[in-house]
Amino acid sequence: MASRALVIGPGEYAEDAAIPGHPTIRASALVYGEVLAGDEMWGPESCRVLVGEQVRTADGIMRALQEAADATGPDDILLVVYVGHGQYWADVPGGQVHFSVGSSYKDKPWTWLSSWYLYRAMRKARARLKVLIADCCYSNLLPVLGGGDDEMVLPGVLGKQDEGSCVFTAVKNVRAADAEGCSTLPPPLDRCTPFSGHLLRVLLGGTKDHHDRLTIGLLREAMRLEMESCTHQAPGMLLNDARDGTPLFTNRMEARLRDRSQVPASAEEWIRHLMLDQDYLLDELLGDERMTGDIVGALSRRSDDASRSLARHLDEKANARFQDAETFARYWNRVEQAQRT
């Protein structure tokens, strides 16, 4: 296995750059490195942390990223974590988000790193899954990483992109991300940015889910609860051909403390479980075509992308499973009833 993780944390700038330096940026990057090094899915040989002089120029960062991307194979994961300042200039061609580097200057876009360059290197990697975690302002304006017929395709990236991707952002519907540490977190996480501090607490403590790995879906739900419970901004996530059930980190919670509850009894209980991990007890669910129909119908009424994606996923499974005409008719009847409710 040759999965690679690159953590980028530019927290210091020139005195006349007019960009505030935050010690929380460097602290976050270093703790990410420690957590990934101690995760059995990653380990010290798979992770590289760039801070200080290593993040002074866009060229230095991109060389490190290209090296990590080139080391991945078709069974691997490429993870990039960026903690720093983000900026968006509507009058720059393409209007893409830019990431600061150590030599960046405020209001001088050419001194920043265009996210499109980072995207290009990640998308061309052979890894089966590419994940970007962006802890910066304007991260909510980052496009889907994968690209496709109905999505923004970045110039210069040729060929069909079949591999899954995920963009996990510090903010969802607002422009500014918090930079000062969160006092509710224990040391050393209280010296990190709020988003990274809470994310790192999830990675260090795990969740009560019964799985041994933290999937994308579990991570998203855990972070939503973390941020809401501490009154922070809601994080965002964009998926492209990446299943919510894709393992990304080790679940470090002790097995004896995890939730091994019974099969959900209602449609709402099923939805809560399925939003965490799409394939959790899926065979049990598909044994009841009426309940499956209720869930697909309820999910398809929702406006968020995660619910609609899960509805499509379950509908595909139902179409494959319910080959008998009467069984399928019972399933589809419940779907239509739920959609009208």
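Heads up: the structure comes first, above all this text.
An account of the accompanying structure is given in this report. (Residues numbered from 1 in each chain as written. Predicted model: local features only at pLDDT ≥ 70, side-chain atom pairs only at ≥ 80, totals over all residues. Heavy atoms only, no water.)

**Side note on the sheet that holds strand 4 (residues 86-88)**
Note the cut-off: Between any two strands, pairing holds if DSSP finds at least two bridges. Note on conventions: DSSP H or I runs of at least 4 residues are helices, E runs of at least 2 residues are strands, and numbering of each starts at the N terminus.
Sheet architecture is open: three strands sit in the order 4-5-6, paired in antiparallel fashion. Strands at the two margins of the open sheet, each flanked by one partner only, are strand 4 and strand 6 (113-114). Direction of pairing for strand 4 relative to strand 5 (residues 97-99): antiparallel, over a ladder of three bridges. Residue pairing across strands places Q87 opposite H98, the latter belonging to strand 5.

**With respect to the packing of aromatic side chains**
Just so we agree on the cut-off: Whether two aromatic rings pair depends on their centres lying within 6.5 Å, for rings of Phe, Tyr and Trp, where Trp uses its six-membered ring; planes under 30 degrees apart make the pair stacked, over 60 edge-to-face, and the rest tilted. Here the term buried applies to any residue with accessible area under 20% of the maximum for its type, exposed to any over 50%, and partly exposed to those in between, with areas from a 1.4 Å probe on protein chains only.
One pass over the full model with this rule turns up eight aromatic pairs. Centre to centre, the rings of W89 and W112 are 5.4 Å apart; their planes meet at 85°, and the pair counts as edge-to-face. One end of the pair, W89, is in the loop between strand 4 and strand 5; the other, W112, is in the loop between strand 5 and strand 6, and 23 residues separate them in sequence. Neither W89 nor W112 differs from the other in exposure class; each is buried.

**Focus on unusual backbone geometry**
The residue after P187, namely P188, is reached through a cis peptide bond having omega -5°. Structurally, the position occupied by P188 is in the loop between strand 8 (164-169) and helix 4 (194-205). Of note in the backbone geometry, Y138 takes a positive phi value of approximately 65° without being a glycine. When you line up the elements, Y138 lands in the loop between strand 7 (129-135) and strand 8. Its identity as a non-glycine residue notwithstanding, T231 has a phi of 60°, on the positive side. Counting through the fold element by element, T231 comes out in the loop between helix 5 (216-229) and strand 10 (236-240).

**Remarks on the packing of helix 8 (residues 289-301) against helix 9 (residues 305-321)**
Worth spelling out the cut-off: What counts as an axis is a line fitted to C-alpha atoms, over the stretch in contact for a helix, and the angles between N-to-C directions run from 0 to 180 degrees. The labels follow the angle: roughly parallel below 35 degrees, roughly antiparallel above 145, roughly perpendicular from 65 to 115, and oblique for the rest. Crossing handedness is read from the near helix: turned anticlockwise from the far helix by less than a right angle, it gives a left-handed crossing, and turned clockwise, a right-handed one. The contact definition used throughout considers only heavy atoms, calling two residues in contact when any of these lie within 4.5 Å. Classes in brief: Ala, Val, Leu, Ile, Met, Phe, Trp, Tyr, Cys and Pro nonpolar; Asp, Glu, Lys and Arg charged; the others, Gly included, polar.
Running from amino to carboxyl end, helix 8 crosses helix 9 at an angle of 150°, the nearest separation of the two axes being 8 Å. As judged from the angle between their axes, helix 8 and helix 9 are roughly antiparallel. The two elements helix 8 and helix 9 cross, and the hand of that crossing is left-handed. Across from T292, I295, V296, L299 and S300 in helix 8, the residues of helix 9 making contact are S307, R308, L310, A311, L314, D315 and A318. Grouping the amino acids of the contact of helix 8 with helix 9 by side-chain chemistry returns seven nonpolar, three polar and two charged.

**Looking at the environment of G9**
Mapped onto the elements, G9 comes out in the loop between strand 1 (4-8) and helix 1 (23-37). Among the residues examined, G9 registers a relative accessible area of 0% and is labelled buried. A C-alpha to C-alpha distance of 9.3 Å links G9 and Q54, two positions 45 residues apart in sequence.

**Remarks on the sheet that holds strand 7**
Two modes of strand pairing occur in sheets, parallel and antiparallel, and in both the strands are linked by backbone hydrogen bonds. Judged by pairing direction, the sheet is mixed, and its six strands sit side by side in the order 2-1-3-7-8-10 without closing on themselves. Here the strands that pair on one side only, and so sit at the sheet edges, are strand 2 (47-50) and strand 10. The sheet shows a mean angle of 10° between the axes of neighbouring strands, taken without regard to direction. Pairing geometry for strand 7 and strand 8, over six bridges, is parallel. Considered in strand 8, the bridge of V131 is made with C166. The strands touched by helix 3 (residues 115-123) are strand 1, strand 3 (77-83), strand 7 and strand 8; relative to strand 7, the strand with the most contacts, the crossing angle is about 155°.

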